[in-house]
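So the chains spell out like this:
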Amino acid sequence: MEDDRISHHESIRTMYNRIKQDGMTNIWDRFEAQGMGGNPDQRCPFCLGGVRCDLCSNGPCRAEVAKDKRGVCGITGDGMAMRMMLLRNVMGASTYHYHTEQTIKTLKAAANGKAPFTIREPEKLLAFAERFDIPTSLSDDEVALMLCNYVEADFNRKYDEPSYIVETLAPKERKETWKRLGIFPGGIYGEMMYATSSCLTNVDGYYVSLALKAMRLGIAMAYQSQIVNEFCQDILFGVPRPHPMRVDLGVLDPDYVNVLPNGHEPFLGFTMVELARKSEWQEKAKAVGAKGIRVIANIETGQEMIQRWEMDDVFYGFTGNWIMQEAILASGCIDLFACDMNCSMPVDPFYAEKYKFKLIPVSQLVAFEGVTDRIDYIPEKASEQAASLLQMAIDNFKERRAVIKPITGLGMREAIVGFSTESIAAALGGSFLPLLKAIQDGVIRGVAGLVSCTTLRDTGQDVHSVRVAKELIKRDVLVLSMGCGNGAMQVAGLCSPEAKEFAGSGLRALCESLKIPPVLSYGTCTDTGRLADLLGAIANILQVPIPDLPVAAVAPEYMEQKATIDAVFALALGLYTYVNPVPTVTGAPNLVQLLTVDLPEVTGGILNVEKDPIKAVDGILAHIEAKRKKLGM
């Protein structure tokens, strides 16, 4: 397999060769094997077009809109494609909200003094509570409990009872648009029921109706799940602030006990860091022959952690995003892989057996065939559970070190991480006015929110994401990076100050004056809501609707269900939304027309798909320049 079909990152290409030599199944070979006719990207044309349905026993059915070939029930290809997209969005919303539930549960336990966490950011707590008119004259713990009760009540509001959270947090102009379209949501649980029930056979087969329901669910998810989740994690673990972080596989040293919290929830990861920083745990590791014990940040759990906490010799660094998983596990450096609610692969037990590490689910959601040991996260028991995980890793070290030859000499660099709405404003002197002036003066042309996963479709891991990001900054577009795409930017060096050399003259000057990289590490996929809140604040300062801002949402390598609902929310928010690979809707021409041509007259948003990175950025820049002209910039 050619290098560009493996990964942008040299460390991963090196590890792919090791995996091949060891005869292990791996994601690259499995992707290639799924292809048809010698083309790794080719699949069943009906599936690629989104016009296949197996929801009832009359199917599977295939549809062709041009021939008016419908499913047995009479549904068109447009209806099939949008119904399946909505079902994927329900999965994305429910998984996002599971994370939010765990965060609220953790904040409650902390406020009640029953968990090993404290309120680190009382100012963030009070500012967030004030937005909901929650009294802030009480103690921090009392305010936190009132906030938890408030948001939980809103989560449980019926689908036909408008959400107070959305009413409070969303921009006025967007709320008016959503109410006019009938997509202002109720509680997130009610919205998931409403959406899922609509997808039953012979209920709603109209692609326009289904598309509006998807946007409605996306709005509920972004404000109730994402914003609440990230703001409450800020309250517990700290608001992200800029600091350096080691990244790439070189952070793995086989002479240490290495513990990797993996997934999307940082609770046990943070707890393990606090314990591992104690001398008693370092001595336990040294007693088995290790130099010490380290907690290594990994995938989105790792992103949550590195955005907030600074590195040291215990919290040592960050590996990368999810497609790197088998490469990380095959390094011969891992003693324990703790898997929370997302992004752990069904193949992991084979790697645990081969490379001698402990594979432990730490969420009730996660299960592996053949793996019986588990520790399901309970906030009140977090210290005890973290201690058990560290001890398992220490107990594993001798066997792993004795029988597994590690791969060393892999790459490592430093990235600047920890940008948030608050820290960006702080870097600008306390307000967004300098950034807005830089945009108005044309120093930078606009801003792109890169909210991306990583995929093997069309190119290797992170290849397309890096190409798109480089082209954006070359054209003086500031990039805010989130999700697994953030890991791509960090490991590729674009979140380092030296990356200013890839930027256009205006953006380079801004980077030099503010001492920032051209790609700002802004968080995880869950931070999509944080970005929406930032755009709402900027639109309010400028007194213009969000669709008129010179901004774009960019997903160069979306992958799964959480990404699809992020994209649909961006469309509802009124954003130009670039996605790649081409979504599975090409067999639905009327739906494609709605999303890529007609939508600006509905929500102000528009979807663009383009495989070529140069042409993709051409489209983004044309949109940004049109908005600048409209605003008289």
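Our subject is the structure that appears above.
All residue numbers refer to position in the chain's written sequence, counted from 1. Predicted model: local features are reported for residues with pLDDT of at least 70 only, side-chain atom pairs are reported and counted for 80 or more only, and whole-chain, interface and lining totals are derived from all residues. Only hydrogens and water are set aside; all other atoms, that is, all heavy atoms of the structure, feed into the side-chain values.

**A few points about the pattern of salt bridges**
- For this document, the term salt bridge refers to a Lys or Arg side-chain nitrogen within 4 Å of an Asp or Glu carboxyl oxygen. Applying the stated criterion across every chain yields a total of 44 salt bridges.
- With a shortest N-O distance of 2.8 Å, arginine 18 and aspartate 22 are connected by a salt bridge.
- Note on arginine 18: relative accessible area 10%, which makes it buried.
- With relative accessibility at 26%, the residue aspartate 22 sits in the partly exposed group.
- Notably, a salt bridge pairs arginine 216 with glutamate 191, separated by 2.8 Å at the nearest N-O pair. Remark: glutamate 191 occurs in helix H9 (residues 188-198) and arginine 216 occurs in helix H10 (residues 207-237); sequence separation between them is 25 residues.
- A relative accessible area of 1% means that glutamate 191 is categorised as buried. Here the term buried applies to any residue with accessible area under 20% of the maximum for its type, exposed to any over 50%, and partly exposed to those in between, with areas from a 1.4 Å probe on protein chains only. Helix and strand assignments come from DSSP, with helices taken as H or I runs of at least 4 residues and strands as E runs of at least 2, each series counted from the N terminus.

**Notes on the packing of aromatic side chains**
- Note on aromatic contacts: the rings of Phe and Tyr and the six-membered ring of Trp form a pair at centre separations within 6.5 Å, being stacked when their planes are under 30 degrees apart, edge-to-face when over 60 apart, and tilted otherwise. With the rule as written, the count across this model stands at 15 aromatic pairs.
- Ring geometry for tyrosine 159 and tyrosine 194: centres 4.8 Å apart, planes at 10°, overall stacked. With tyrosine 159 in the loop between helix H6 (140-155) and helix H7 (164-169) and tyrosine 194 in helix H9, this pair connects stretches of sequence that are 35 residues apart.
- Given a relative accessible area of 25%, tyrosine 194 falls into the partly exposed group.
- Summarising the aromatic geometry, the rings of phenylalanine 237 and phenylalanine 270 are spaced 4.4 Å apart at their centres and angled 25° between planes, so their arrangement reads as stacked. Of the two residues, phenylalanine 237 sits in helix H10 while phenylalanine 270 sits in helix H11 (residues 267-276), which places them 33 residues apart along the sequence.
- Under the relative-accessibility criterion, phenylalanine 237 is labelled buried at 2%.
- Throughout this description, the term charge over a ring refers to an Arg CZ or Lys NZ atom that lies within 6 Å of the ring centre and within 35 degrees of the ring normal. The cationic tip of arginine 62 hangs over the ring face of phenylalanine 46; the distance from NZ or CZ to the ring centre is 5.0 Å.
- Between the NZ or CZ atom of lysine 213 and the centre of the ring of tyrosine 194, over which it lies, the distance is 5.3 Å.

**Points about the pairing of strand E5 (residues 293-297)**
- Most of E5 is tucked away, with 5 of its 5 residues classed as buried.
- Burial along E5 is two-sided: Ile293, Val295 and Ala297 facing one way and Arg294 and Ile296 facing the other are all buried.
- Paired strands, in this sense, are two strands between which DSSP finds at least two bridges. Taken together, the 3 bridges between strand E4 (residues 257-262) and E5 define a ladder with parallel strand orientation. If you follow asparagine 258 over to E5, its bridge partner there is arginine 294.
- Of the crossover connections in this fold, the one passing from E5 over helix H13 (residues 299-308) to the parallel strand E6 (residues 315-318) is right-handed. The handedness of a crossover follows from its direction of travel: if, with the strands pointing away from the viewer, the path from the first strand over the helix to the second runs clockwise, the crossover is right-handed.

**Concerning empty space enclosed by the protein**
- Cavities and pockets are defined on a 1 Å grid built over the protein atoms alone: a cavity is a set of grid points where a 1.4 Å probe fits but cannot escape, while a pocket is an open set with protein on both sides within 12 Å along at least five of seven lines, and lining residues are those with an atom within 4 Å of any such point. Grid points are joined across faces, edges and corners, and a volume is the space filled by probe spheres set on the points. Enumeration according to the criterion identifies 6 cavities of 30 Å³ or more in this entry.
- A volume near 170 Å³ is recorded for the largest cavity.
- In this structure, the largest cavity is lined by 18 residues; those nearest its centre are Ile424, Leu435, Leu478, Leu480 and Leu520.
- Among the secondary structure elements, those contributing two or more residues to the lining of the largest cavity are helix H17 (421-427), strand E11 (477-483), helix H21 (505-514) and helix H22 (528-542).
- For the lining of the largest cavity, the element with the most residues is H22, which contributes 4 residues.
- Only Asp, Glu, Lys and Arg are considered charged in this grouping, and only Ala, Val, Leu, Ile, Met, Phe, Trp, Tyr, Cys and Pro are considered nonpolar; every other residue, Gly among them, is considered polar. Along the lines of polarity and charge, the residues of the lining of the largest cavity split into 18 nonpolar, no polar and no charged.

**Digging into the sheet that holds strand E14 (residues 576-579)**
- Taken together, the 6 strands give an open sheet; going across it, the order is E12-E11-E10-E13-E14-E15, and neighbouring strands pair in parallel fashion. Lying at the two open borders of the sheet, with one neighbouring strand each, are strand E12 (519-521) and strand E15 (606-609). Put simply, the sheet's adjacent strands are angled 25° from each other on average, direction ignored.
- One ladder, built from 4 bridges, connects strand E10 (residues 446-452) with strand E13 (residues 551-555); its direction is parallel. Looking at E13, one finds that glycine 449 is bridged to alanine 553.
- Here a residue-residue contact requires only that any non-hydrogen atoms of the pair lie within 4.5 Å. Note on method: axes are straight lines fitted to C-alpha atoms, helices fitted across the in-contact stretch only, with angles between N-to-C directions ranging 0 to 180 degrees. Strand contacts of helix H19 (residues 463-474): E10, E11, E12, E13 and E14, with the helix running at about 150° to E11, the strand carrying the most contacts.

**Things to note about the pairing of E14**
- Covered by surrounding structure in E14 are Tyr576 and Tyr578 together with Thr577 and Val579, the residues of both alternating faces.
- Pairing geometry for E13 and E14, over 4 bridges, is parallel. Looking at the pairing, alanine 553 lines up with threonine 577 of E14.
- What joins E13 to E14 is helix H23 (residues 561-573), and the crossover it makes is right-handed.
- When E14 meets E15, the two strands line up parallel, connected through 4 bridges. Across the sheet, valine 579 pairs through a bridge with valine 609, a residue of E15.

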